[in-house]
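Structural characterization, general
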Amino acid sequence: MTSALFSPGSTLSGSGGAGEGSRPTNTSPDYLSTHDFSTPSTGWQLDDFVLDPGYVASREELRWLMLNTAQTAPSSPAHGDSFISGVDSQSGEDPTSAQDETSRLLSQGRRIEYLKNYISQVAPWLDMFDSSRAFGLQVPLLAQKSPALLCAILAISARQMERKQASNGTSTPHKSFDSLELYQESIRLLTPLLEAHDPAVIPICVILCCLEMMSASARDWRRHLEGCAALFDAFQVHGFCGGLLQAVFWCHARMDLCGALISDGTQSTIIPPIAWLPPGTDEVNARQCFQEMQGPDMHANYAVYLCAKACELISDRTHHDELGVSNGCTGEVISSRWMRLWSDLQTWVDDRPHELLPLQTVESQPFPQILYLHWAAISSNQLYHTACLLLLGSMPRRQGSISGVTGSSIWHAKRICGISLTNPHHGCLNNAIQPLWLAGRLLTHESEHSILVDLIRDIESTTGWGTCWRIPDLRAAWGYSIRKPFRPIEHAHVDRSRDTHNG
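Note that the structure is predicted; figures quoted are calculated from it, not measured. Along every chain, residues carry numbers that run from 1 in the direction the sequence is written. Local features in this predicted model are restricted to residues of pLDDT 70 or higher, and side-chain atom pairs are both shown and tallied only at a pLDDT of 80 or more, whereas totals for entire chains, interfaces and linings draw on every residue. Computation of side-chain values: all heavy atoms of the structure, hydrogens and water removed.

Brief notes about helix 16 (residues 409-422)
Every helix listed is a DSSP run of H or I at least four residues long, and every strand listed is a run of E at least two residues long, numbered separately from the N terminus. For a helix, the expected span equals 1.5 Å multiplied by the residue count minus one. The end-to-end C-alpha distance of helix 16 is 20 Å, a good match for the 20 Å that 14 residues give at a rise of 1.5 Å each. Each residue is assigned to one of three classes by its accessible area relative to the maximum for its type, calculated with a 1.4 Å probe on protein chains only: buried under 20%, partly exposed between the two thresholds, exposed over 50%. Residues of helix 16 that are buried: Trp-411, His-412, Ala-413, Arg-415, Ile-416, Cys-417, Gly-418, Ile-419, Ser-420, Leu-421 and Thr-422. Any pair of residues with heavy atoms lying within 4.5 Å of one another is described as a contacting pair. Here the buried face of helix 16 lies against strand 1 (360-362), strand 2 (369-371), helix 15 (375-392), helix 17 (426-430), helix 18 (433-440) and helix 19 (446-463).

Okay, here's the thing in C-alpha cells:
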C-alpha cells in the first residue's frame with residue numbers, strides 16, 4: 001500500500017524496495033525543512049547519547065524501515081487487539097523460545113531495575129489519558145512473549161534514568177549507555193516484523209519514538225514522529241480504532257501536537273486532525289464522535305484534538321497570508337473556522353465529566369492553584385487553555401471582543417502555569433513544556449518569570465525529559481536573563497477567601 005500522506009516521492013528516493021541499495025542517503029522530506037522552525041533556541045545542547053554515531057545510524061535505520069514498511073504494507077486495517085495474538089508470529093519465532101529469550105534478557109545487568117522503573121515512572125506518562133493503563137499493564141504482559149517489545153520498554157526506561165542522572169549532575173560512566181544497547185537490540189529484533197508487515201510493530205515503534213524524543217532537538221521532532229505516523233496511515237490506525245492501538249495512537253498524537261506547538265504557527269500536526277477520526281467522518285461531526293465514547297479519557301483526547309485544530313487553523317492562515325499558498329483560507333473562511341472552533345472549546349469546558357473538574361481552585365498570586373485528581377484532567381484542561389490562548393492571539397479582525405475572563409489571554413496563561421505548579425504528575429509535566437512556553441511569553445513580572453524558569457528546570461530534573469532548552473527562548477521574549485539560582489517552587493501569596501471550582 002502506498003500511503004496517501006507519506007508518498008514515496010516525499011520520503012524515500014528510488015523504488016522503495018527493501019534492498020540495501022535502495023536506502024536513501026537523505027531521507028528528510030522537503031516539507032520538514034529545519035528553516036521552518038524559527039522559534040526553538042539555537043543554543044540547544046545535545047547530550048552524548050544523541051551524538052553517538054551508533055545511535056545516529058540506528059535511528060536512521062529504524063526510520064527507513066518504518067517508512068519502507070508503510071509504503072509496501074497491504075491495505076488491511078489493524079484495529080482493536082486482534083493483532084496481539086500474532087506478536088512475533090510473523091517472524092516464525094516459537095512462543096516458548098520467545099519467552100525464554102525475554103527471561104534471558106531480564107537476567108542481565110540492571111534489566112529488572114529498568115523494568116521496575118518503566119512500570120512505576122515511565123508507563124504512567126504514556127498512559128496519561130488512558131484509565132485502562134495499556135502501557136502499564138497490557139504492554140509488559142505482551143513483552144513476556146516479545147523480545148523486541150521488551151527491549152523497547154527497557155531501553156526507554158534506561159534512557160529516562162540516564163537523563164535524570166545527567167540533569168542531577170551524575171554523568172554516565174565512560175559515556176556508555178545501556179539504553180543505546182537495548183535500543184539497538186530492539187531494532188534488530190524488530191526488523192523481521194517490519195519486513196513482514198506485522199502490525200505488532202506499532203507499539204514497539206511508538207515506544208522507541210518516545211525514547212528518541214526524550215532528548216531530541218526541537219528542530220528534529222517532526223523527523224522522529226513521521227515514521228510512526230506513516231505506519232498509522234498504512235495500517236489505518238486512528239483515534240477510535242479501539243484497544244491497545246487506540247491508546248498507542250493517542251500517545252503519538254500528544255507528541256505530534258507538541259511538534260505543532262513548537263513550530264509556532266508554521267506547521268500543523270503531521271497526521272491531519274481529520275485522520276484522527278473514524279474514516280469517512282466529516283469534521284463537523286467530530287464533537288459527536290467524541291461525545292458518543294462517553295468517558296473522561298476520550299473527553300481529554302478531544303482537548304488534544306481541539307488544540308491540534310487550533311494549530312491547523314493558524315498554520316493554514318500563515319501559509320495563505322504570508323507564504324501565498326492557495327489553500328482557500330480567505331478572511332471569511334478563517335473567521336468561520338475560528339468561531340466554530342471557539343464554540344467547540346467552550347462546549348468542551350462546559351461538558352467536562354466530573355473526573356475532569358478541579359477538586360479545588362485557589363485564586364492565589366501570582367498563579368492560581370488548581371488541583372485535579374484524574375491524570376487526564378491535568379493536561380486536558382491545560383490544553384484547553386492553550387487552544388484558547390492560540391485562538392485569542394489569532395482572532396479575526398471582524399470578530400468582536402470576548403467578554404469575561406475567557407477572553408483574557410493572560411487569564412489563560414496564568415492558569416496554564418498554575419496547573420503545572422499544582423499537579424506534579426510526571427506525564428503532565430512532560431507535556432506541559434510547550435503550553436508553558438506559550439503562556440510564559442505573556443508574563444510581565446520578574447517574580448512570575450523566576451517561578452516559571454524554576455518550574456521548567458524542575459521538570460527536567462524530575463522527569464528526565466529535556467525541557468531547559470525553552471529557557472533561552474523565554475529570556476529572548478522577556479528581554480533579559482533570570483540569574484536567580486534554582487530553588488524550590490512556592491506560591492508568593494494565597495488568598496483563600498476566593499476559593500472556587502472554576503478550572
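Additional details are given in the paragraphs that follow.
Regarding the confidence of the model for the protein
Of the residues in the protein, 81% have a pLDDT of 70 or more, and the chain-wide mean is 83. Contacts from residues 1-39, a stretch scored under 50 in pLDDT, to residues over four places away or in other chains number 82 contacts. Values of pLDDT, which run from 0 to 100, indicate the predictor's confidence residue by residue.

Digging into the pattern of salt bridges
Here, a salt bridge means any side-chain nitrogen of Lys or Arg that lies within 4 Å of a carboxyl oxygen of Asp or Glu. Summed over the entire model, instances satisfying the criterion amount to 16 salt bridges. The residue Glu-60 makes a salt bridge to Arg-59 at a minimum N-O spacing of 3.2 Å. Among the residues examined, Glu-60 registers a relative accessible area of 22% and is labelled partly exposed. Among the residues examined, Arg-59 registers a relative accessible area of 16% and is labelled buried. The salt bridge involving Arg-110 is made with Glu-113; its shortest N-O contact spans 3.0 Å. Here the salt bridges share partners, and the residues they tie into one network are Arg-59, Glu-60 and Arg-223.

A word on the environment of Glu-113
Mapping Glu-113 onto the fold places it in helix 5 (residues 111-126). Spatially, the C-alpha atoms of Glu-113 and Leu-154 are 9.0 Å apart, while their sequence positions differ by 41 residues.

Some details on the packing of helix 18 against helix 19
For helices, the fitted axis covers only the stretch in contact; all axes are lines through C-alpha atoms, and the angles between them, taken along N-to-C directions, range from 0 to 180 degrees. Closest axis-to-axis distance for the helix 18/helix 19 pair is 11 Å, and the angle between their directions is 170 degrees. With respect to their mutual orientation, helix 18 and helix 19 come out roughly antiparallel. Where helix 18 crosses over helix 19, the two elements pack in a sense that is left-handed. On helix 19, the residues touching Ile-433, Leu-436 and Gly-440 of helix 18 are Leu-452, Leu-455, Ile-456 and Ile-459. Note on terminology: angles under 35 degrees are roughly parallel, angles over 145 are roughly antiparallel, angles of 65 to 115 are roughly perpendicular, and the others are oblique. A clockwise turn of the near helix away from the far one marks a right-handed crossing, whereas an anticlockwise turn of less than a right angle marks a left-handed crossing.

Quick look at the packing of helix 15 against helix 18
Here helix 15 crosses helix 18 at 40 degrees, and the two axes come no closer than 10 Å. One element, helix 15, and the other, helix 18, form an angle in the oblique class. The two elements helix 15 and helix 18 cross, and the hand of that crossing is left-handed. Every residue of helix 18 that contacts helix 15 at Gln-382, Leu-383, Thr-386, Leu-389 and Leu-390 is listed here: Pro-435, Leu-438 and Ala-439. For the contact of helix 15 with helix 18, a count of residues per class yields 6 nonpolar, 2 polar and no charged. Residue classes follow a fixed rule: Ala, Val, Leu, Ile, Met, Phe, Trp, Tyr, Cys and Pro count as nonpolar, while Asp, Glu, Lys and Arg count as charged, and any other residue, Gly among them, counts as polar.

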